[in-house]
Amino acid sequence: DVKVTQSSRYLVKRTGEKVFLECVQDMDHENMFWYRQDPGLGLRLIYFSYDVKMKEKGDIPEGYSVSREKKERFSLILESASTNQTSMYLCASSLRLEGGEKLFFGSGTQLSVL
Amino acid sequence: GESVGLHLPTLSVQEGDNSIINCAYSNSASDYFIWYKQESGKGPQFIIDIRSNMDKRQGQRVTVLLNKTVKHLSLQIAATQPGDSAVYFCAENMYTGNQFYFGTGTSLTVIP
């Protein structure tokens, strides 16, 4: 089975702190994604990466950056956390199969910024 | 980004009944669709997918129907069980692209 592992299940940080969210996948997938999930808004794409050291902005990249130094690891960085970044963060990796690209998700990190 | 919406935010069904969850998508160029299930406290889990060259696909107790004319997708769950209680999302994707677009989700509650 594909495994996408997010390092923290719950995280509490203070405004202004630098926050690192880590994600590791074990299936040698090329593409990795970071989403945030908020009630009533669904999943919104923050950043994605289609190769090591490559990154693309998603729909809401402001206030975030990412790092992909190794194929299996994709990190999301909040340079200076703010209260409006309190959210559930979901990492995903994808495999392109015949017929389409399938996303596999981690269990999520619930981040609270106080 | 493109919008993918759901007709009903909540759905309650009796255990053993069939459930139907609907989804409207807006990008006529989308050619690949996935349904995900998200249980409380967990990440979304793949249920079933369908390409645009099909109008129906069946899995174990689940069926996805695609109507490209009206850009509508539905997920049917047969003999709904308490373990089916979750939020269900549809997602659309273009085969040539990396990005997926998700609806806000429908919360399914199964009444024992």
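Structure's up top.
Cut-offs used in this document
Residues numbered from 1 in each chain as written. Chains lettered and ligands numbered in written order. Predicted model: local features only at pLDDT ≥ 70, side-chain atom pairs only at ≥ 80, totals over all residues. Heavy atoms only, no water. Helix = DSSP H or I, 4+ residues; strand = E, 2+ residues; numbered from the N terminus. Rg over C-alpha atoms; globule rule 2.2 N^0.38 Å. Buried < 20%, exposed > 50% of the residue type's maximum accessible area, 1.4 Å probe, protein only. Disulfide = S-S within 2.5 Å. Contact = heavy atoms within 4.5 Å. 1 Å grid on protein atoms, 1.4 Å probe; cavity = no way out; pocket = protein on both sides within 12 Å on 5 of 7 lines; lining within 4 Å. Points joined across faces, edges and corners; volume = space filled by probe spheres on them. Nonpolar A, V, L, I, M, F, W, Y, C, P; charged D, E, K, R; others polar. Polar contact = N/O pair within 3.5 Å; in protein donor to acceptor, adjacent residues only side chain to side chain. Phe/Tyr/Trp six-rings, centres within 6.5 Å; stacked < 30°, edge-to-face > 60°. Lys NZ or Arg CZ within 6 Å of the ring centre and 35° of its normal.

Undergrad: Pulling in residues and values, what's your account of the overall build of chain A?
TA: Scanning chain A from N- to C-terminus turns up 0 helices and 12 strands. When the elements of chain A are put in sequence order from the N terminus, they spell out β-β-β-β-β-β-β-β-β-β-β-β. The C-alpha radius of gyration computed for chain A amounts to 13 Å, which stays within 12% of the reference 13 Å derived for 114 residues, consistent with globular compactness. The principal-axis extents of the C-alpha atoms in chain A amount to approximately 45 × 30 × 25 Å. Relative to its 114 residues, chain A shows a buried fraction of 49%.

Undergrad: Report on the state of the cysteines, specifying residues and quantitative values.
TA: Counted according to the given criterion, the structure contains 2 disulfides over all chains. Note on cysteine connectivity: Cys23 of chain A is disulfide-linked to Cys91 of chain A, with sulfurs 1.9 Å apart. Taking the sign of the torsion about the S-S bond as the criterion, the disulfide between Cys23 of chain A and Cys91 of chain A, at about -80 degrees, is left-handed. With Cys23 of chain A in strand S4 (residues 23-25) and Cys91 of chain A in strand S10 (residues 87-97), this pair connects stretches of sequence that are 68 residues apart. Note on cysteine connectivity: Cys23 of chain B is disulfide-linked to Cys90 of chain B, with sulfurs 1.8 Å apart. Because the torsion about its S-S bond is 50 degrees, the bridge between Cys23 of chain B and Cys90 of chain B counts as right-handed.

Undergrad: Give me the environment of Gln76 of chain B: which residues, what numbers.
TA: All names here are of chain B. Along the chain, Gln76 falls in strand S8 (residues 72-77). On the accessibility criterion, Gln76 (28% relative accessible area) is partly exposed. Spatially, the C-alpha atom of Gln76 lies 8.1 Å from that of Leu65, the residues being 11 residues apart in sequence. Sequence-distant contacts of Gln76, that is, excluding residues within four places in its chain, are made with Ser19, Ile20, Arg61, Val62, Thr63 and Leu65.

Undergrad: Now, about the layout of surface pockets: what can you tell me, with residues and values included?
TA: Looking at the largest pocket, its volume works out to about 340 Å³. The wall of the largest pocket is formed by 17 residues, among which Phe105 and Gly106 of chain A together with Gly43, Pro44 and Gln45 of chain B lie closest to the centre. Taken together, the residues of the lining of the largest pocket sort by class into 8 nonpolar, 5 polar and 4 charged. By volume, the second largest pocket is sized at about 280 Å³. Gln37 and Pro39 of chain A together with Gln38, Val87 and Phe89 of chain B are, among the 16 residues lining the second largest pocket, the residues nearest its centre. Broken down by secondary-structure element, the contributors of at least two residues to the lining of the second largest pocket are strand S5 (31-38) of chain A together with strand S9 (86-93) of chain B. With 3 residues, the single largest contributor to the lining of the second largest pocket is S9 of chain B.

Undergrad: Hey, could you go over the side chain of Gln25 of chain A for me, with residue numbers and the actual values?
TA: All names here are of chain A. Along the chain, the position of Gln25 falls in strand S4. Here Gln25 falls in the buried class, since its relative accessible area comes to 3%. Within the structure, Gln25 has its side chain in polar contact with the backbone nitrogen of Met27 (distance 3.1 Å). There is a polar contact of 3.3 Å between the side chain of Gln25 and the backbone oxygen of Lys71. With near-sequence residues (within four places) excluded, Gln25 lies in contact with Lys3, Val4, Met32, Arg68, Lys71, Glu72 and Ser93.

Undergrad: Account for the packing of aromatic side chains, with residues named and values stated.
TA: A ring pair, where both rings are aromatic, is described by two values, the distance of the centres and the angle of the planes. The full count for this structure, using the stated rule, is 11 aromatic pairs over all chains. Both rings, one in Tyr25 of chain B and one in Phe33 of chain B, keep their centres 4.5 Å apart while their planes meet at 50 degrees; by these two values the pair is tilted. Taken individually, Tyr25 of chain B and Phe33 of chain B each receive the classification buried, so the pair is uniform in this respect. Members of the aromatic cluster, each reached through a chain of ring pairs, are Phe33, Tyr35, Phe48 and Phe105 of chain A together with Tyr36, Phe46, Phe100 and Phe102 of chain B. Seen from the ring of Tyr10 of chain A, Arg9 of chain A lies directly overhead, with NZ or CZ sitting 5.1 Å from the centre. One residue, Lys102 of chain A, lies across the ring of Phe46 of chain B, its end atom 4.1 Å from the ring centre.

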